[in-house]
Amino acid sequence: MEMIHTMAVDLVKTGKFLSLILRHHPEAAGISLDEHGWAEVDALIGGVNRTGNYHLDRETLEEIVRSNNKQRYSFNADHSLIRANQGHSIPVDVELEQKAPPDVLYHGTGEKFASSIDREGLIPKSRLYVHLSSDVETAVKVGSRHGRPVVYEVDCAKMAADGYVFYLSVNKVWLTKRVPAAYLRKREEK
Ligand code: HQG
C-alpha cells in the first residue's frame, strides 16, 4: 500500500515537471517543441532522465498521461509525440477548437488581484489565454492557488454577441484572449 502511494506521488511530481517542460520551459529538459507544441517522446524521456531528478520511461509516461487528474497531455496517433493540451506560455498553436461558449463561465483568482482585474479586466498574464471554468467549484479551486479565492462570473453570452472568440481545449478548459471588465461580475461567496 505504502509503495503504491509513493509511486502515485512520484507520478504527480514527474507530471508537474512535464507541465513545466511542455508548457513553459522545454529547455529545462534540453528539448524543443514544434509550432504545434509537440515534443518527441524519445527526446523528452532522454531529457527528463538527464536532469538526474526524475526517472522516466515509456511505460511511466503512458501512466502519467492516462492518470492525470486534468488530462493535461495528449499523444499523437502513434505515440511518438506528446504535448500539453493547454496552459502554455510559449507561443505554440495547439489547434484549439473554436466554440460558442455557454452563457456564463467563471474565473477564479486571488483576492489580491481583484482591484486590478476590476480596472483592466482579465488578461492572460504569462499565459497565451485567460482560463475560464464551467463551474464555480472549479473556479474556487483555481483561485485558491493564488491565496484567498475570489470568483468572477463572465457574461459570455454578451461577449460572444460582441464578437469575442472562445476556444475549448481537448481537456475541456475554456480559453479566450481577454475579458474586459464590463463583462465581469464579482460573486459574493458565502
Ligand atoms: C490573474 C491551472 C491582475 C488571474 C488552473 C490569475 C487553470 C490578473 C493570474 C490554469 C489580471 C494568472 C490557469 C489583471 C488576470 N490584473 N491579475 N488584469 N488578469 N489576472 O496561473 O487562471 O493545474 O497564469 O486571475 O487550474 O490562475 O496548471 O492563471 O489569478 O486552469 O493545469 O493573473 O492553470 O491549471 O495566473 O490558471 P495563472 P490561472 P493547471
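Cut-offs applied
- Residues numbered from 1 in each chain as written.
- Predicted model: local features only at pLDDT ≥ 70, side-chain atom pairs only at ≥ 80, totals over all residues.
- Heavy atoms only, no water.
- Salt bridge = Lys/Arg side-chain N within 4 Å of Asp/Glu carboxyl O.
- Domains from an automatic or database assignment.
- Phe/Tyr/Trp six-rings, centres within 6.5 Å; stacked < 30°, edge-to-face > 60°.
- Helix = DSSP H or I, 4+ residues; strand = E, 2+ residues; numbered from the N terminus.
- Buried < 20%, exposed > 50% of the residue type's maximum accessible area, 1.4 Å probe, protein only.
- Polar contact = N/O pair within 3.5 Å; in protein donor to acceptor, adjacent residues only side chain to side chain.
- Contact = heavy atoms within 4.5 Å.
- 1 Å grid on protein atoms, 1.4 Å probe; cavity = no way out; pocket = protein on both sides within 12 Å on 5 of 7 lines; lining within 4 Å.
- Points joined across faces, edges and corners; volume = space filled by probe spheres on them.
- Nonpolar A, V, L, I, M, F, W, Y, C, P; charged D, E, K, R; others polar.

Under the defined criterion, the tally for this structure stands at 8 salt bridges. By sharing partners, the salt bridges in this structure join E153, R185 and R187 into a single network.

Another point: the domain arrangement of the chain. For the chain, the assigned domains are domain 1 (2-84) and domain 2 (97-186). Computed from C-alpha coordinates alone, the two centres of domain 1 and domain 2 are separated by 27 Å.

Per the stated rule, a full pass over the model turns up 3 aromatic pairs. An angle of 10° between the planes, with centres 4.5 Å apart, marks the rings of F17 and Y54 as stacked. Here F17, found in helix 1 (residues 2-24), pairs with Y54, found in the loop between helix 2 (41-50) and helix 3 (58-67); they are 37 residues apart in sequence, far enough to count as distant. Each member of the pair, F17 as well as Y54, is classed as buried. Aromatic side chains Y164 and Y183 sit 5.5 Å apart centroid to centroid with 70° between the ring planes, which places their arrangement in the edge-to-face category. Placement of Y164 in the loop between helix 6 (156-161) and strand 8 (167-168) and of Y183 in the loop between strand 9 (174-176) and strand 10 (184-186) is noted, with a sequence separation of 19 residues between them.

Counting through the fold element by element, N171 comes out in the loop between strand 8 and strand 9. Only 3.0 Å separates the side chain of N171 from the backbone oxygen of K70, close enough to count as a polar contact. Side-chain polar atoms of N171 contact the backbone oxygen of Q71, separated by 3.4 Å. Those residues within four positions of N171 in sequence are excluded, and the remaining contacts are K70, Q71, R72, N85 and Q86.

Under the defined criterion, the tally for this structure stands at 2 cavities of 30 Å³ or more. Taken as a whole, the largest cavity spans an internal volume of roughly 60 Å³. Looking at the largest cavity, the residues that line it are Q86, G87, H88, V92, V94, L96, L128, Y129, H131 and L175. For the lining of the largest cavity, the class distribution of residues is 6 nonpolar, 4 polar and no charged. Quantified by volume, the second largest cavity comes out at close to 30 Å³. Taken together, R83, N85, V94, L96 and V170 form the lining of the second largest cavity. Residues that form the lining of the second largest cavity fall into these classes: 3 nonpolar, 1 polar and 1 charged.

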